[in-house]
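Listed here are the chains, written in short residue letters.
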Amino acid sequence: QVQLVESGGGLVQPGGSLRLSCAAPGSIFSRHVMAWYRQAPGKQREWVAAVTNTGITNYADSVKGRFTISRDNAKNTAYLQMDSMKPEDTAVYYCNAGFRATWWGQGTQVTVSS
């Protein structure tokens, strides 16, 4: 059973914003890097962003300057703030803990369309 739960997906217009959330068990969240991935129709899953438990972040070139990953350790929740969204951001977004193959959420659909 999945231990991570994503939320916040939906439909947004180009240029708009969405914030995704990922809740995880504290025993996992507090000790591991949190990351976001996405999978668009007809494409392989790609890494989007990651944040360490000390707040160090990194981003894929495709989202750099537009997306912001963060974490709230008190709430055991990671976030992905998505601004200036483009149609090519349309995908199912997944969160992952520790880059582990078994620590995934169920995914949340993000659609960017006018």
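Preceding this section is the structure that the text describes.
Throughout, a residue's number is its position along its own chain's written sequence, starting from 1. For this predicted model, a pLDDT threshold of at least 70 governs which residues receive local features, and a threshold of 80 or more governs which side-chain atom pairs are given and counted, while totals over whole chains, interfaces and linings are taken from all residues. Calculated side-chain values reflect all of the structure's heavy atoms, with hydrogen atoms and water omitted.

Glancing now at the overall build of the protein. What counts as a helix is a DSSP run of H or I of at least four residues, what counts as a strand is a run of E of at least two, and both are numbered from the N terminus. When its secondary structure is counted, the protein shows 1 helix and 10 strands. Helices (α) and strands (β) of the protein occur, in sequence order from the N terminus, as β-β-β-α-β-β-β-β-β-β-β. We take the radius of gyration over the C-alpha atoms and set the globule estimate at 2.2 Å times the residue count to the 0.38 power. Its C-alpha atoms give the protein a radius of gyration of 13 Å, within 12% of the compact-globule value 13 Å for 114 residues. The dimensions of the protein, computed from C-alpha atoms along their principal axes, are 40 × 30 × 20 Å.

Cysteine sulfur atoms that come within 2.5 Å of each other are treated as a disulfide pair. Using the criterion set out here, one finds 1 disulfide in the structure. Shown here is the disulfide that connects cysteine 22 with cysteine 95, its sulfur atoms set 2.0 Å apart. Given an S-S torsion of about 60°, the disulfide between cysteine 22 and cysteine 95 has right-handed geometry. Within this pair, whereas cysteine 22 is found in strand β3 (residues 18-23), its partner cysteine 95 is found in strand β9 (residues 91-97), the two being separated by 73 residues in sequence.

With that settled, the discussion passes to the pairing of β3. Note on strand geometry: in a regular strand, side chains alternate between the two faces of the sheet. Strand pairing is defined by DSSP finding a minimum of two bridges between the two strands. With 3 bridges connecting them, strand β1 (residues 5-7) and β3 associate as antiparallel partners. Paired with valine 5 across the strands is alanine 23, a residue of β3. Alignment of β3 against strand β8 (residues 77-82), held across 6 bridges, turns out to be antiparallel. In the sheet register, leucine 18 faces β8, and the bridge partner there is methionine 82.

Quick look at the packing of aromatic side chains now. The rule is short: rings of Phe, Tyr and Trp, with Trp giving its six-membered ring, pair when the centres are within 6.5 Å, and they are stacked under 30 degrees, edge-to-face over 60, tilted in between. Going through the model one piece at a time under the given rule, you end up with 2 aromatic pairs. Considering the side-chain rings of tyrosine 37 and tryptophan 104, the 5.0 Å spacing of their centres and the 65° angle between planes classify their relative orientation as edge-to-face. Of this pair, tyrosine 37 sits in strand β4 (residues 34-39) while tryptophan 104 sits in the loop between β9 and β10 (108-112), and the two are 67 residues apart along the sequence. Look at tyrosine 94 and tryptophan 104: their rings are 6.3 Å apart centre to centre, the planes differ by 90°, and that puts the pair in the edge-to-face class. Within this pair, whereas tyrosine 94 is found in strand β9, its partner tryptophan 104 is found in the loop between β9 and β10, the two being separated by 10 residues in sequence. For the residue pair tyrosine 94 and tryptophan 104, the accessibility class agrees, reading buried in each case. A connected cluster of aromatic rings, assembled from ring pairs, spans Tyr37, Tyr94 and Trp104. For a Lys NZ or an Arg CZ to count as sitting over a ring, it must be within 6 Å of the ring centre and within 35 degrees of the ring normal. For arginine 71, the ring lying beneath its charged end belongs to phenylalanine 29, and the centroid distance is 4.2 Å. Whether a residue is buried, partly exposed or exposed follows from its accessible area with a 1.4 Å probe, protein chains only, as a fraction of its type maximum: under 20%, in between, or over 50%, in that order.

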